[in-house]
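Topology and contacts: notes
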Amino acid sequence: MPLVTPLNAEHDLETKELAIFFNETLGFCPNSVLTMQRRPAISKAFINLNKAVMANEGRVTFALKRMIAWVSSNATGCRYCQAHAIRASERYGAEQEQLDNIWEYRTHPAFNEAERAALDFSLAASQVPNAVDGEIKRRLHDHWDDGEIVEILGVISLFGYLNRWNDSMGTTLENDAIDSGNQYLGKHGFEVGKHDGSQY
């Protein structure tokens, strides 16, 4: 069982209405949101922030944002968010070659230099202590404008919240997310771990 059990989707109708967003991104409402709705102000604020951060404003595509989320979640070790991010990347049209080689983004030809700069920024910004340095900043500004950098950091920061929420909560990973994690990350040792519902 997770630290706190998720509530039924009918618990808070405003959260339920906002959570329709996740039917597009994931195909289901995440257990994390069903748990947050024990305090509906948190679940509603979180969903609205998620929608704002993940909106497509231009060159930082839906798929790239989800790959940025995956790198951030990988850095912190949150299996729940890794599975969700790779699933959403797939649903938002990430190239198959990128999905199959996300672990090798630094060297694989499926990724361009702008994507590498964004993903390296995600990795550095997600570490404790923070590892963003002058070289990462230079590479970001070589490929992205200020608004795009704000979008990229918005994704990293959103997943910083989610990584801590789900790893501390031991949120149970949904079956569809497990399937995506196994398909794209399994060859590199992905396992559900504490998110199998039996941690606490």
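Parameters and conventions
- Residues numbered from 1 in each chain as written.
- Predicted model: local features only at pLDDT ≥ 70, side-chain atom pairs only at ≥ 80, totals over all residues.
- Heavy atoms only, no water.
- Helix = DSSP H or I, 4+ residues; strand = E, 2+ residues; numbered from the N terminus.
- Rg over C-alpha atoms; globule rule 2.2 N^0.38 Å.
- Buried < 20%, exposed > 50% of the residue type's maximum accessible area, 1.4 Å probe, protein only.
- Salt bridge = Lys/Arg side-chain N within 4 Å of Asp/Glu carboxyl O.
- Contact = heavy atoms within 4.5 Å.
- Polar contact = N/O pair within 3.5 Å; in protein donor to acceptor, adjacent residues only side chain to side chain.
- Core = buried A, V, L, I, M, F, W, Y, C linked by side-chain atoms within 4.5 Å.
- Disulfide = S-S within 2.5 Å.
- Expected span 1.5 Å × (residues − 1).
- Phe/Tyr/Trp six-rings, centres within 6.5 Å; stacked < 30°, edge-to-face > 60°.

1. Describing the overall build of the protein chain
The helix and strand inventory of the protein chain stands at 11 helices and zero strands. Overall, the protein chain shows an N-to-C arrangement of helices and strands of α-α-α-α-α-α-α-α-α-α-α. Its C-alpha atoms give the protein chain a radius of gyration of 16 Å, near enough to 16 Å, the size a compact globule of 200 residues would have. The principal-axis extent of the C-alpha atoms belonging to the protein chain is close to 45 × 35 × 35 Å. Counting the 200 residues in the protein chain, one finds 52% classified as buried.

2. What to know about the pattern of salt bridges
Considering all chains together, one arrives at 10 salt bridges under this definition. Between E14 and K44 there is a salt bridge, with the nearest N and O atoms lying 3.4 Å from each other. Placement of E14 in helix α1 (residues 13–18) and of K44 in helix α4 (residues 40–54) is noted, with a sequence separation of 30 residues between them. The shortest N-O distance in the salt bridge between E113 and R116 comes to 2.6 Å. Note that E113 and R116 are positioned in helix α8 (residues 113–125) at a spacing of three residues, about one turn of the helix.

3. Here's the deal with the environment of Q37
Relative to the helices and strands, Q37 resides in the loop between α3 (31–36) and α4. A sequence separation of 24 residues divides Q37 from L13, and the C-alpha atoms of the two residues are 9.9 Å apart. If we skip the residues at most four places from it in the chain, Q37 touches L7, N8, A9, H11, D12, T15 and S43. Engagement of the side chain of Q37 in a polar contact is seen with the backbone oxygen of L34, the distance being 3.4 Å.

4. Regarding the side chain of E151
Position of E151 relative to the elements: it lies in helix α10 (residues 146–169). Setting aside its immediate chain neighbours within four residues, E151 contacts A55, E57, V60 and K65.

5. Comments concerning the nonpolar core
If you look at the biggest cluster of nonpolar residues, it comprises 59 residues, and the most contacted ones within it are I68, W144 and I152. Here this core takes nine residues from α10, the largest share from any one element. Sequence-distant contacts of I68, defined by excluding residues within four places in its chain, comprise V60, A118, L119, S122, I152, V155 and I156.

6. Topic: the state of the cysteines
For the structure on display, the rule yields zero disulfides. Cysteine C29 is unpaired, with the sulfur of C81 as its nearest cysteine sulfur at 14 Å. Note on C78: no disulfide assigned, nearest cysteine sulfur contributed by C81 at a separation of 3.6 Å.

7. Structural notes on the side chain of T35
For T35, the location among the structural elements is in helix α3. With relative accessibility at 4%, the residue T35 sits in the buried group. Sequence-distant contacts of T35, defined by excluding residues within four places in its chain, comprise V4, T5, P6, L7, W165 and M169.

8. Thoughts on helix α6 (residues 79–91)
Over its 13 residues, α6 extends 18 Å from the first C-alpha to the last, a length consistent with the 18 Å expected when each residue adds 1.5 Å. Counting buried residues in α6 gives 10 out of 13 residues, a clear majority hidden from the surface. Residues Y80, C81, Q82, A83, H84, A85, I86, R87, A88 and S89 constitute the buried set of α6. Among the structural elements, α2 (20–25), α3, α5 (62–76), α7 (96–100), α10 and α11 (175–185) are those in contact with the buried residues of α6. Where α6 ends, the next residue or the one after it, G93, has phi of about 85°, a positive value.

9. A look at unusual backbone geometry
Cis geometry is found at the peptide bond from V128 to P129, where omega equals 0°. Among the structural elements, P129 can be located in the loop between α8 and α9 (134–143).

10. Topic: the packing of aromatic side chains
Per the stated rule, a full pass over the model turns up seven aromatic pairs. Ring geometry for F22 and F46: centres 6.4 Å apart, planes at 10°, overall stacked. Here F22 is found in helix α2, whereas its partner F46 is found in helix α4, with 24 residues between them in sequence. Taking relative accessible area as the criterion, F22 reaches 4% and is therefore assigned buried. Where W70 meets W103, the ring centres are 5.1 Å apart and the plane angle is 75°; that geometry is what we call edge-to-face.

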